[in-house]
Amino acid sequence: SAVAGVATKVGHKSGHNSIGRLTAVHVAELGERSAETGFVKATKRGPLAKLSQQAAARIGRAALVLLPVLGGLFAVYLLQSDLQRLQEEKLKDRGGVTEHRKIWCLSTILFGGAAIADLIDAISHFVIAYAVFRGFGHHAVLHWEEISLACAVASTACAIVGEVLSHTKLQKQREVVAEMG
(Lines give C-alpha, C1' and ligand atoms only; values in the text may rest on other atoms or scores of the structure.)
Protein backbone atom coordinates (compact mmCIF):
# COMPACT_ATOMS: atom_id res chain seq x y z
CA SER A 1 0.00 0.00 0.00
CA ALA A 2 1.04 3.62 -0.43
CA VAL A 3 1.15 4.34 3.29
CA ALA A 4 3.29 1.24 3.92
CA GLY A 5 5.73 2.35 1.21
CA VAL A 6 6.15 5.74 2.84
CA ALA A 7 6.70 4.12 6.26
CA THR A 8 9.37 1.83 4.82
CA LYS A 9 11.24 4.77 3.29
CA VAL A 10 11.06 6.66 6.58
CA GLY A 11 12.49 3.62 8.39
CA HIS A 12 15.43 3.43 5.96
CA LYS A 13 16.33 7.11 6.24
CA SER A 14 16.12 7.19 10.02
CA GLY A 15 18.54 4.27 10.33
CA HIS A 16 16.14 1.90 12.12
CA ASN A 17 16.86 -1.76 11.80
CA SER A 18 14.72 -4.22 9.85
CA ILE A 19 12.49 -4.92 12.85
CA GLY A 20 11.70 -1.22 13.10
CA ARG A 21 10.92 -1.12 9.40
CA LEU A 22 8.60 -4.10 9.64
CA THR A 23 6.88 -2.60 12.63
CA ALA A 24 6.38 0.68 10.78
CA VAL A 25 5.02 -1.17 7.74
CA HIS A 26 2.62 -3.20 9.88
CA VAL A 27 1.41 -0.13 11.76
CA ALA A 28 0.83 1.72 8.51
CA GLU A 29 -1.05 -1.17 6.92
CA LEU A 30 -3.07 -1.68 10.09
CA GLY A 31 -4.03 1.99 10.11
CA GLU A 32 -4.98 1.89 6.43
CA ARG A 33 -7.09 -1.24 6.89
CA SER A 34 -8.77 0.21 9.95
CA ALA A 35 -9.71 3.35 8.05
CA GLU A 36 -11.07 1.34 5.11
CA THR A 37 -12.98 -1.00 7.41
CA GLY A 38 -14.39 1.90 9.36
CA PHE A 39 -15.59 3.60 6.18
CA VAL A 40 -17.16 0.42 4.85
CA LYS A 41 -18.92 -0.24 8.16
CA ALA A 42 -20.14 3.36 8.29
CA THR A 43 -21.62 3.15 4.81
CA LYS A 44 -23.13 -0.30 5.35
CA ARG A 45 -24.64 0.20 8.79
CA GLY A 46 -24.45 3.85 9.64
CA PRO A 47 -26.67 6.82 8.93
CA LEU A 48 -25.15 7.22 5.47
CA ALA A 49 -26.30 3.72 4.54
CA LYS A 50 -29.80 4.36 5.82
CA LEU A 51 -29.97 7.63 3.92
CA SER A 52 -28.79 6.07 0.66
CA GLN A 53 -31.18 3.13 1.06
CA GLN A 54 -34.08 5.50 1.74
CA ALA A 55 -33.16 7.66 -1.25
CA ALA A 56 -32.92 4.61 -3.52
CA ALA A 57 -36.28 3.33 -2.27
CA ARG A 58 -37.95 6.68 -2.87
CA ILE A 59 -36.46 7.00 -6.34
CA GLY A 60 -37.58 3.47 -7.17
CA ARG A 61 -41.08 4.11 -5.85
CA ALA A 62 -41.30 7.37 -7.81
CA ALA A 63 -40.30 5.52 -10.97
CA LEU A 64 -42.94 2.86 -10.32
CA VAL A 65 -45.60 5.57 -10.06
CA LEU A 66 -44.24 7.75 -12.87
CA LEU A 67 -44.08 4.99 -15.48
CA PRO A 68 -47.85 4.27 -15.57
CA VAL A 69 -48.56 8.01 -15.47
CA LEU A 70 -46.44 8.47 -18.59
CA GLY A 71 -48.24 5.53 -20.21
CA GLY A 72 -51.57 7.16 -19.37
CA LEU A 73 -50.47 10.45 -20.88
CA PHE A 74 -49.38 8.63 -24.03
CA ALA A 75 -52.79 6.92 -24.18
CA VAL A 76 -54.46 10.35 -23.88
CA TYR A 77 -52.32 11.57 -26.80
CA LEU A 78 -53.40 8.54 -28.85
CA LEU A 79 -57.01 9.23 -27.87
CA GLN A 80 -56.71 12.75 -29.27
CA SER A 81 -55.18 11.43 -32.50
CA ASP A 82 -57.94 8.85 -32.92
CA LEU A 83 -60.63 11.47 -32.28
CA GLN A 84 -59.04 13.70 -34.92
CA ARG A 85 -59.05 10.81 -37.44
CA LEU A 86 -62.66 10.08 -36.46
CA GLN A 87 -63.63 13.65 -37.34
CA GLU A 88 -61.74 13.46 -40.66
CA GLU A 89 -63.53 10.23 -41.55
CA LYS A 90 -66.90 11.76 -40.64
CA LEU A 91 -66.22 14.60 -43.07
CA LYS A 92 -65.34 12.08 -45.77
CA ASP A 93 -68.59 10.19 -45.02
CA ARG A 94 -70.66 13.29 -45.72
CA GLY A 95 -68.99 14.07 -49.04
CA GLY A 96 -68.04 10.55 -50.11
CA VAL A 97 -69.21 8.62 -53.13
CA THR A 98 -72.37 6.70 -52.25
CA GLU A 99 -71.15 3.22 -53.29
CA HIS A 100 -68.19 3.58 -50.89
CA ARG A 101 -70.27 4.91 -48.02
CA LYS A 102 -70.34 1.57 -46.13
CA ILE A 103 -66.56 1.32 -46.09
CA TRP A 104 -66.16 4.95 -45.03
CA CYS A 105 -68.58 4.27 -42.20
CA LEU A 106 -66.62 1.17 -41.19
CA SER A 107 -63.38 3.15 -40.98
CA THR A 108 -65.17 5.79 -38.91
CA ILE A 109 -66.44 3.08 -36.55
CA LEU A 110 -62.94 1.62 -36.29
CA PHE A 111 -61.43 4.98 -35.34
CA GLY A 112 -64.22 5.39 -32.78
CA GLY A 113 -63.36 1.96 -31.38
CA ALA A 114 -59.69 2.91 -31.21
CA ALA A 115 -60.61 6.09 -29.32
CA ILE A 116 -62.74 4.19 -26.81
CA ALA A 117 -59.95 1.64 -26.26
CA ASP A 118 -57.44 4.47 -25.76
CA LEU A 119 -59.74 6.10 -23.19
CA ILE A 120 -60.04 2.87 -21.20
CA ASP A 121 -56.27 2.35 -21.54
CA ALA A 122 -55.57 5.84 -20.16
CA ILE A 123 -57.96 5.31 -17.25
CA SER A 124 -56.38 1.96 -16.43
CA HIS A 125 -52.87 3.49 -16.46
CA PHE A 126 -53.95 6.18 -14.00
CA VAL A 127 -55.63 3.57 -11.76
CA ILE A 128 -52.41 1.53 -11.80
CA ALA A 129 -50.38 4.63 -10.86
CA TYR A 130 -52.76 5.39 -7.99
CA ALA A 131 -52.65 1.78 -6.77
CA VAL A 132 -48.85 1.77 -6.78
CA PHE A 133 -48.76 5.16 -5.04
CA ARG A 134 -51.11 3.94 -2.30
CA GLY A 135 -49.08 0.75 -1.89
CA PHE A 136 -51.68 -1.78 -2.97
CA GLY A 137 -50.32 -5.21 -3.75
CA HIS A 138 -49.40 -6.51 -7.18
CA HIS A 139 -52.52 -8.66 -7.30
CA ALA A 140 -54.72 -5.56 -7.09
CA VAL A 141 -52.89 -4.01 -10.04
CA LEU A 142 -52.67 -7.14 -12.20
CA HIS A 143 -56.28 -6.94 -13.43
CA TRP A 144 -55.84 -3.34 -14.55
CA GLU A 145 -52.58 -4.20 -16.31
CA GLU A 146 -54.40 -6.89 -18.29
CA ILE A 147 -57.14 -4.42 -19.23
CA SER A 148 -54.53 -1.87 -20.29
CA LEU A 149 -52.69 -4.36 -22.49
CA ALA A 150 -55.91 -5.59 -24.12
CA CYS A 151 -57.01 -2.01 -24.83
CA ALA A 152 -53.63 -1.12 -26.33
CA VAL A 153 -53.80 -4.11 -28.68
CA ALA A 154 -57.43 -3.38 -29.62
CA SER A 155 -56.73 0.31 -30.22
CA THR A 156 -53.73 -0.45 -32.40
CA ALA A 157 -55.63 -3.04 -34.44
CA CYS A 158 -58.63 -0.72 -34.94
CA ALA A 159 -56.44 2.21 -35.98
CA ILE A 160 -54.39 0.15 -38.45
CA VAL A 161 -57.42 -1.49 -40.08
CA GLY A 162 -59.19 1.89 -40.17
CA GLU A 163 -56.21 3.51 -41.90
CA VAL A 164 -55.96 0.68 -44.44
CA LEU A 165 -59.66 0.85 -45.25
CA SER A 166 -59.56 4.62 -45.46
CA HIS A 167 -56.58 4.60 -47.80
CA THR A 168 -57.98 1.79 -49.98
CA LYS A 169 -61.32 3.51 -50.42
CA LEU A 170 -59.64 6.86 -51.05
CA GLN A 171 -57.71 5.26 -53.92
CA LYS A 172 -60.92 3.73 -55.32
CA GLN A 173 -62.72 7.04 -54.98
CA ARG A 174 -59.94 8.79 -56.91
CA GLU A 175 -60.21 6.16 -59.67
CA VAL A 176 -63.99 6.73 -59.93
CA VAL A 177 -63.52 10.51 -60.08
CA ALA A 178 -60.78 10.12 -62.72
CA GLU A 179 -63.08 7.92 -64.88
CA MET A 180 -65.93 10.45 -64.57
CA GLY A 181 -63.79 13.45 -65.39
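Residues numbered from 1 in each chain as written. Predicted model: local features only at pLDDT ≥ 70, side-chain atom pairs only at ≥ 80, totals over all residues. Heavy atoms only, no water.

A. Examining the overall build of the protein chain more closely. Scanning the protein chain for helices and strands turns up 5 helices and 0 strands. Starting at the N terminus and walking to the C terminus, you meet the elements of the protein chain as α-α-α-α-α. In the protein chain, the share of contacts with a sequence separation of at least 24, taken over all contacts with a separation of at least 6, comes to 71%. Only carbon and sulfur atoms are counted for the fraction: they give 68% of the accessible area of the protein chain, which is about 12400 Å². (Helix = DSSP H or I, 4+ residues; strand = E, 2+ residues; numbered from the N terminus. Contact = heavy atoms within 4.5 Å. Areas by Shrake-Rupley, 256 points an atom, 1.4 Å probe, with all protein chains shown as cover.)

B. Representation of the pattern of salt bridges in the model. A complete count under the given rule lists 3 salt bridges for this structure. Ionic pairing is found between arginine 85 and glutamate 163, a salt bridge with its closest N-O pair at 2.6 Å. Placement of the pair is arginine 85 in helix H3 (residues 47-95) and glutamate 163 in helix H5 (residues 138-180), with a sequence separation of 78 residues. Residue arginine 85 is classed as buried on the basis of its relative accessible area, which comes to 14%. (Salt bridge = Lys/Arg side-chain N within 4 Å of Asp/Glu carboxyl O. Buried < 20%, exposed > 50% of the residue type's maximum accessible area, 1.4 Å probe, protein only.)

C. Structural context of the packing of aromatic side chains. This model, assessed by the stated rule, comprises 2 aromatic pairs. Relative to tyrosine 77, the ring of phenylalanine 74 lies with its centre 6.4 Å away and its plane at 25°, an arrangement referred to as stacked. Placement of the pair is phenylalanine 74 and tyrosine 77 together in helix H3, with a separation of 3 residues, close to one helical turn. Relative to phenylalanine 136, the ring of tyrosine 130 lies with its centre 6.4 Å away and its plane at 75°, an arrangement referred to as edge-to-face. Relative accessible area serves as the criterion here: at 49%, tyrosine 130 is assigned to the partly exposed category. Taking relative accessible area as the criterion, phenylalanine 136 reaches 47% and is therefore assigned partly exposed. (Phe/Tyr/Trp six-rings, centres within 6.5 Å; stacked < 30°, edge-to-face > 60°.)

D. Just the confidence of the model for the protein chain, in detail. For the protein chain, the mean per-residue pLDDT works out to 77, and 65% of the residues sit at or above 70. Scored below 50 in pLDDT, residues 1-22 shows 16 contacts in the model against residues more than four places distant or in partner chains. (pLDDT = per-residue confidence, 0-100.)

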